[in-house]
Amino acid sequence: MDSPDTLLKLTDIEKIYGSGDAATPVLSDIALEVNTGDSIAIVGPSGCGKSTLLNLIGLLDTPTSGSIHFNGAALDGFNEIERAAFRNRSIGFVFQLHHLLPQCTALENVLVPSLVNSDRSNAPERATHLLERVGLKDRMGSRPSQLSGGERQRVAVVRALINRPKLLLADEPTGALSEEGSASLTGLLLELSAEEKMALIVVTHANAVAQKMDTVLELRNGKLALQDGSR
Ligand code: ADP
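Scope of this entry: the structure provided in the associated data block.

Quick notes on the rules
- Residues numbered from 1 in each chain as written.
- Predicted model: local features only at pLDDT ≥ 70, side-chain atom pairs only at ≥ 80, totals over all residues.
- Heavy atoms only, no water.
- Helix = DSSP H or I, 4+ residues; strand = E, 2+ residues; numbered from the N terminus.
- Polar contact = N/O pair within 3.5 Å; in protein donor to acceptor, adjacent residues only side chain to side chain.
- Contact = heavy atoms within 4.5 Å.
- Pairing = 2+ DSSP bridges.
- Axes fitted to C-alpha atoms, helices over the stretch in contact; angles between N-to-C directions.
- 1 Å grid on protein atoms, 1.4 Å probe; cavity = no way out; pocket = protein on both sides within 12 Å on 5 of 7 lines; lining within 4 Å.
- Points joined across faces, edges and corners; volume = space filled by probe spheres on them.
- Nonpolar A, V, L, I, M, F, W, Y, C, P; charged D, E, K, R; others polar.
- Core = buried A, V, L, I, M, F, W, Y, C linked by side-chain atoms within 4.5 Å.
- Buried < 20%, exposed > 50% of the residue type's maximum accessible area, 1.4 Å probe, protein only.
- Near = heavy atom within 4 Å.
- Salt bridge = Lys/Arg side-chain N within 4 Å of Asp/Glu carboxyl O.

Time to look at the side chain of R87. Mapping R87 onto the fold places it in helix α2 (residues 80-90). There is a polar contact of 2.5 Å between the side chain of R87 and the backbone oxygen of L59. Those residues within four positions of R87 in sequence are excluded, and the remaining contacts are G58, L59, L60, E80 and F93.

In structure tokens, the structure reads:
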């Protein structure tokens, strides 16, 4: 029986790319339980499967075997349209590169995911509130080229939050930032995760970022384990 706070549960996840002679096993026996409000870092050497795992959790890809439950519901039987709708509603993504639309303002960029959300009536108010919250009150009308790297990444974070996701997935979110920018964005992600009652999963190479999370999990040889010394 799952605890009432269990948001995401991965059971016996295996991922193999290709088949036959070209089969590349990447993940095996992965089990993970994430509760509302958790902050988790996933670390490990390059090529160990961190992005693969994040793509499975984010429903951008499907496991070879194993099951994924979100809020108690099994997602295995979802078709592509149901997966996309679920992803848009329940999961926010932040990547190393901001992927903002260059011709749109910060405010317009933030509103893009709300366009495919049927319940978007208060999206403009929420966008304004969140942009103010992350310190971009005076930059809402600026285009990405007029913003600093840290500011662009904060716009990308707000865009990820616009549909009130329960889970925020961040793949190397500070990879393109200075040390100071990285510390500031990490602090902001943690604050927003508490304020918005979201779980946060961050894939990172940066030890300083990983150590700020409640739990640090290490992916090695296809398996996920608590990093030595992690709480
Ligand atoms: P990481 O994010 O830890 O650097 P990845 O998840 O990107 O690792 O990749 C893990 C392994 O899976 C690598 O060996 C990579 O070459 C392989 N891989 C990733 N995506 C694919 C794919 N679409 N097809 C085949 N192999 C892939």
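Let's shift gears to the sheet that holds strand β5 (residues 73-74). Read across the sheet, four strands follow the order β2-β1-β4-β5 without closing on themselves; strand pairing throughout is antiparallel. Of all the strands in the sheet, just β2 (24-35) and β5 have a single pairing partner and so form its edges. Of the pairings in the sheet, the one linking strand β4 (residues 65-70) to β5 comprises two bridges and is antiparallel in character. Paired with H69 across the bridge in β5 is A74. Contacts between helix α1 (residues 50-57) and the sheet are confined to β1 (6-17), β2 and β4, with β1 contributing the most and set at about 130° to the helix.

With that out of the way, let us pick up the layout of surface pockets. Approximately 310 Å³ is the volume attributed to the largest pocket. Around the largest pocket, the lining is made up of 14 residues, and of these N88, I91, G92, F93 and P113 lie nearest the centre. Going through the elements one at a time, α2, β6 (91-94) and α5 (149-161) are the ones with two or more residues in the lining of the largest pocket. The residue makeup of the lining of the largest pocket, split by class, is eight nonpolar, four polar and two charged.

Bringing the nonpolar core into the picture now. Of all hydrophobic cores here, the largest spans 36 residues; its most connected members are V110, L131, V155, V157, L161 and L168. Mapped by element, the contributors of at least two residues to this core are β3 (39-43), α3 (106-111), α4 (123-133), α5, β7 (167-171), α6 (179-195), β8 (199-203) and α7 (207-210). Once you skip the residues sitting within four places of it in the chain, V157 turns out to touch V94, L185, L189 and L192.

Before going further, it helps to examine the site of the ligand. Residues in contact with the ligand, as listed here, are Y17, V26, P45, S46, G47, C48, G49, K50, S51 and T52. The contact in question runs from an oxygen atom of the ligand to an N or O atom on the backbone of C48, over 3.2 Å. Between the ligand and G49, the relevant distance is 3.0 Å, taken from an oxygen atom to a main-chain nitrogen or oxygen of the residue. In terms of residues, the shell around the ligand owes the most to one element, α1, which gives three residues. Residue composition of the shell around the ligand, by class: four nonpolar, five polar and one charged.

Moving on, we get to the pattern of salt bridges. Applying the stated rule across the entire model yields eight salt bridges. Notably, a salt bridge pairs D61 with K15, separated by 3.2 Å at the nearest N-O pair. Here D61, found in the loop between α1 and β4, pairs with K15, found in strand β1; they are 46 residues apart in sequence, far enough to count as distant. A salt bridge links E191 to R133, with the nearest nitrogen and oxygen atoms 2.7 Å apart. With E191 in helix α6 and R133 in helix α4, this pair connects stretches of sequence that are 58 residues apart. Salt bridges sharing partners connect three or more residues here, namely R133, E191 and E195.

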